[in-house]
Amino acid sequence: MTTAASFEKNLTDAKQHLARFKAEPALHLINGEPTASVAGEIFANRSPIDNSHLGDVASGTAHDIDAAAAAARDSSERWRNTPGEQRKRILHNVADAIEARASEIAVLESVDTGQAIRFMSAAALRGAENFRFFADRAPTASDGLALPSAHHLNYTSRRAIGPVGVITPWNTPFMLSTWKIAPALAAGCTVVHKPAEWSPISANVLAEAALEAGLPPGVLNVVHGMGETAGRALTEHPDIAAVAFVGESVTGSLIQTQSAPTLKRLHFELGGKNPVIVFDDADLERAADAVIFMIYSLNGERCTSSSRLLVQRSIHDDFIEALTAKLRRIVVGHPLDPDTVIGPLIHPDHCEKVRSYIELAEAEGATVVAGRPPDASLFAGSLADGSLAKGNLAPRNFVTPMLFSNARNDMRIAQEEIFGPVLTAIAFDSEDEAVALANDTDYGLAAYIWTSDVGRAHRVADALDVGMVWVNSQNVRHLPTPFGGMKRSGIGRDGGDWSFDFYMETKNVAVAYESHTIPKLGG
Ligand code: NAD
């Protein structure tokens, strides 16, 4: 299929799948039933493509969270006691259902978030993979250890912690939700999901697919709404035992405070300002491709994006030139176009914030290598018809890839998470300096090291204050490995058994061999 034909097909598919969201508000899903808000409130959902109205969405309050938490609580015992083999079968069915609807999920997600279809197609399938991975582990999730001592046999077992809240952001909402919800369900927890208000649609598709696949009603509930109302009520609810949150670091702090009175277990995946360190002995062609990929894919709206380039001074100019040549060829445009790499940013407010860093970079004394306004031809059409057509793109939502060089690490462009396609480059002279610069940030999510010196790769990886390091690689996820950050980037790890550590309680049972002495008090 030609690119043009493929775009037309994506647009037709998107409109077909959007029709029901236009016709009826997207409702909460509580106890298996589409449910309007108790207060009858709704909010408007808009596409970042042209800011057109995609439909209304139920806006939840504490009353809706009460209903969803009650459904999750009432189905908790039965789901926890459902044999692991059965949970495994059901979760594989959910993965099948996601695969069957993958193209629907991809186009909806693309229109709702502005992320390019080439990435959203892969993300939809990753959602199914997440379910399969954790489904396979459901039968052994409660296994424990035997820890014998001289006079006792100690053994451990695990069981689901209970109903959990899952709160997700807008950047890759479907994939991220499955990454949280699949292990929770595999562990035997029931879930109340509060999706991001800027990209709510795919949460309904996931919950519907799960119900159709045989997940019992009440096991996965969705409540839409604002963070300060629905999100807050979820974090404060006494029936919710734990909250898995993905979002900004400041929101994480708020959630810690909100959930303190009910002593919740918390798991946080927060922001990042991830360094990519390029030494002069690296394979520079591969390094340049990886740097470009890790900051300009997914609109740069990616927690693990390599937003801070630390490059050895001896190769600084050549490397920046190579990056500049590549980024000039990056296609900015309609997210349903298969050629597009950078689509519209999620919201005009967010786009304005991202753009403001150009002025800031100049004011701080860095060099703005790239960041020109998008080509006017993108905006030649009309915004009035809400047709999502090519040409009818919202100028306020688009940026081109930005690159700032000659920056210092103490500048705001080097310290703040911009969450857009913006790369800040800083030169360094020695290995020690590179490590010091990399660690000189409040964040500690991921880092990338490019060098052909094996000893140096290990030394630097060991010295970095981050949860994840990739050496000579872009971010390639292997699901059994731990995912998460240090410092202001998060608390806890996901992936493999780490996910079960969060969603399950561990119990120790000590059984005496009846050989030990029991102190006799009172004769
Ligand atoms: P956000 O913190 O503004 O919102 C995330 C979610 O929290 C939304 O559903 C929102 O409604 C809800 N929320 C907001 N205030 C709340 C409150 N007081 N109580 C409860 N819930 C509340 O984040 P965002 O802007 O949607 O997402 C971007 C952020 O997410 C970036 O900082 C990014 O780095 C981070 N992120 C991190 C990871 C990771 O794995 N570390 C992955 C993706 C995104």
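So, here's what we can say about the structure. Just so it is clear, the model here is predicted, and its values are computed rather than measured. Along each chain, the written sequence defines residue order, and numbers are assigned to residues from 1. Side-chain atom pairs in this predicted model are given and counted only at pLDDT of 80 or more, local residue features only at pLDDT of at least 70, and totals for whole chains, interfaces and linings cover all residues. Side-chain numbers here rest on the full set of heavy atoms in the structure, without hydrogens or water.

## Focus: the overall build of the protein chain
Summing up its helical and strand segments, the protein chain has 17 helices and 21 strands in all. Computation of the radius of gyration draws on C-alpha atoms, with the globule rule given as 2.2 Å multiplied by the number of residues to the power 0.38. Taken over the C-alpha trace, the protein chain has a radius of gyration of 24 Å; the compact-globule value for 523 residues is 24 Å, and the two agree within 12%. Its C-alpha atoms give the protein chain principal-axis dimensions of roughly 85 × 60 × 40 Å. Accessible area is worked out with a 1.4 Å probe on protein chains only. A residue is then buried under 20% of its type maximum, exposed over 50%, and partly exposed in between. For the protein chain, buried positions account for 59% of its 523 residues. Treating the 46 positive side-chain charges of the protein chain as one cloud and the 63 negative ones as another, the clouds have centres 4 Å apart. Numbered from the N terminus, helices here are DSSP runs of H or I no shorter than four residues, and strands are runs of E no shorter than two. By the counting rule applied here, Lys and Arg register as positive and Asp and Glu as negative, while His and the ends of each chain are not counted. Charge positions come from single atoms, namely NZ of Lys, CZ of Arg, CG of Asp or CD of Glu.

## So, the pattern of salt bridges
Two side chains of opposite charge can pair, provided their charged atoms sit close to one another. One side-chain nitrogen of Lys or Arg within 4 Å of one carboxyl oxygen of Asp or Glu is enough to make a salt bridge. The final tally for this structure, using the stated rule, is 25 salt bridges. Of the charged contacts, one joins Asp239 and Arg73 as a salt bridge, the two residues approaching to 2.8 Å between their closest N and O atoms. You can see Asp239 sitting in the loop between helix H9 (227-236) and strand S9 (242-246) and its partner Arg73 sitting in helix H2 (residues 62-74), a full 166 residues away along the chain. The class for Asp239 is partly exposed, based on a relative accessible area of 24%. One salt bridge in this structure joins Arg101 and Glu104, with 2.9 Å as the shortest N-O distance.

## Section: the layout of surface pockets
Size it by volume and the largest pocket reaches roughly 940 Å³. Of all the secondary structure elements, the ones that give two or more residues to the lining of the largest pocket are H9, S9, helix H10 (249-259) and helix H13 (348-364). Gly is put with the polar residues, along with every residue not named as nonpolar or charged; the nonpolar set is Ala, Val, Leu, Ile, Met, Phe, Trp, Tyr, Cys and Pro, and the charged set is Asp, Glu, Lys and Arg. Grouping the constituent residues of the lining of the largest pocket by class yields 18 nonpolar, 11 polar and 11 charged. Domain assignment of the residues forming the lining of the largest pocket places at least three in each of domain 1 (3-270) and domain 2 (275-471). Only protein atoms enter the 1 Å grid used here. Points where a 1.4 Å probe fits but cannot escape make up a cavity, open sets with protein on both sides within 12 Å along at least five of seven lines make up a pocket, and a residue lines them when an atom lies within 4 Å of a point. Grid points are joined across faces, edges and corners, and a volume is the space filled by probe spheres set on the points. All domain edges in this entry derive from an automatic or database-based domain assignment.

## Section: the site of the ligand
Taken together, 29 residues lie around the ligand, and Lys194, Glu197, Thr251, Leu270 and Glu417 are the ones closest in. Polar contacts here mean pairs of N or O atoms no more than 3.5 Å apart (in protein, one a potential hydrogen donor and the other a potential acceptor; neighbouring residues in sequence count only if both atoms are side-chain atoms). One of the side-chain nitrogen or oxygen atoms of Glu269 is found 2.9 Å away from an oxygen atom of the ligand. Within the side chain of Glu417, a nitrogen or oxygen atom sits 2.5 Å from an oxygen atom of the ligand. Only the protein chains shown count as cover for residues, with accessible areas throughout obtained via the Shrake-Rupley method and a probe of 1.4 Å. About the coverage of the ligand: the protein hides 94% of its 850 Å² of free accessible area. To qualify as sitting in a cavity or pocket, a molecule needs more than half of its atoms within 2 Å of the grid points. In a pocket analysis with a 2 Å cut-off to the grid points, the ligand is assigned to the largest pocket. For the shell around the ligand, the element with the highest residue contribution is H10, accounting for 4 residues. If even one non-hydrogen atom of a residue comes within 4 Å of a molecule or strand, that residue is called near it.

## Topic: empty space enclosed by the protein
Rolled over the atoms, a probe sized like a water molecule indicates the empty space that remains. Enumeration over the complete set of coordinates arrives at 4 cavities of 30 Å³ or more. Of the volumes computed, that of the largest cavity is approximately 70 Å³. The wall of the largest cavity is formed by 13 residues, among which Ser305, Ser307, Glu417, Ile418 and Phe419 lie closest to the centre. Partitioned by chemical class, the residues of the lining of the largest cavity number 5 nonpolar, 5 polar and 3 charged.

## A look at the packing of helix H7 (residues 173-187) against helix H17 (residues 496-503)
Think of each axis as a best-fit line through the C-alpha atoms, taken over the contacting stretch in the case of a helix, with angles from 0 to 180 degrees between the N-to-C directions. In contact at an axis separation of 9 Å, H7 and H17 are set at 65° when each is read in the N-to-C sense. Here H7 lies roughly perpendicular to H17, going by the angle between them. Where H7 crosses over H17, the two elements pack in a sense that is right-handed. In this structure, H7 uses Lys180, Pro183, Ala184, Ala186 and Ala187 to contact H17, whose residues at the interface are Ser499, Phe500 and Tyr503. Roughly parallel covers angles under 35 degrees, roughly antiparallel covers those over 145, roughly perpendicular covers 65 to 115, and oblique covers all other angles. By definition, any crossing whose near helix is turned counterclockwise from its far helix by less than a right angle is left-handed, and any crossing with a clockwise turn is right-handed. Throughout, a residue-residue contact means that at least one pair of heavy atoms, one from each residue, lies within 4.5 Å.

## Digging into the nonpolar core
Counting residues in hydrophobic clusters, the biggest one holds 111 residues, and the most contacted among them are Phe131, Val278 and Leu309. Counting residues per element, this core draws most heavily on helix H6 (residues 117-137), which supplies 10 residues. Residues from two domains meet in this core; each of domain 1 (3-270) and domain 2 (275-471) gives at least three. Counting residues in hydrophobic clusters, the runner-up holds 31 residues, among them Phe279, Tyr357, Met402 and Leu437. The term nonpolar core refers to a set of buried residues drawn from Ala, Val, Leu, Ile, Met, Phe, Trp, Tyr and Cys, joined through side-chain atoms within 4.5 Å.

## Focus: the packing of aromatic side chains
In summary, the pairing rule links any two rings of Phe, Tyr or Trp, Trp by its six-membered ring, whose centres are within 6.5 Å, and it sorts them by plane angle into stacked for under 30 degrees, edge-to-face for over 60 and tilted for everything else. Scanning the entire structure with this criterion turns up 12 aromatic pairs. Ring geometry for Phe133 versus Phe134: centroids 4.9 Å apart, planes at 90°, classification edge-to-face. Residues Phe133 and Phe134 agree in their burial class; the two are buried. Ring geometry for Phe245 and Phe268: centres 5.9 Å apart, planes at 85°, overall edge-to-face. Remark: Phe268 occurs in strand S10 (residues 265-269) and Phe245 occurs in strand S9; sequence separation between them is 23 residues. By relative accessible area, which is 2% here, Phe268 ends up buried. Among the aromatic residues, ring-to-ring pairing joins Phe133, Phe134, Trp179, Phe483 and Phe500 into one connected group. Positioned above the aromatic ring of Phe7 is the side chain of Lys390, whose terminal nitrogen or guanidinium carbon lies 4.5 Å from the ring centre. Two conditions define a charge sitting above a ring: the NZ of Lys or the CZ of Arg must be within 6 Å of the ring centre, and it must be within 35 degrees of the ring normal.

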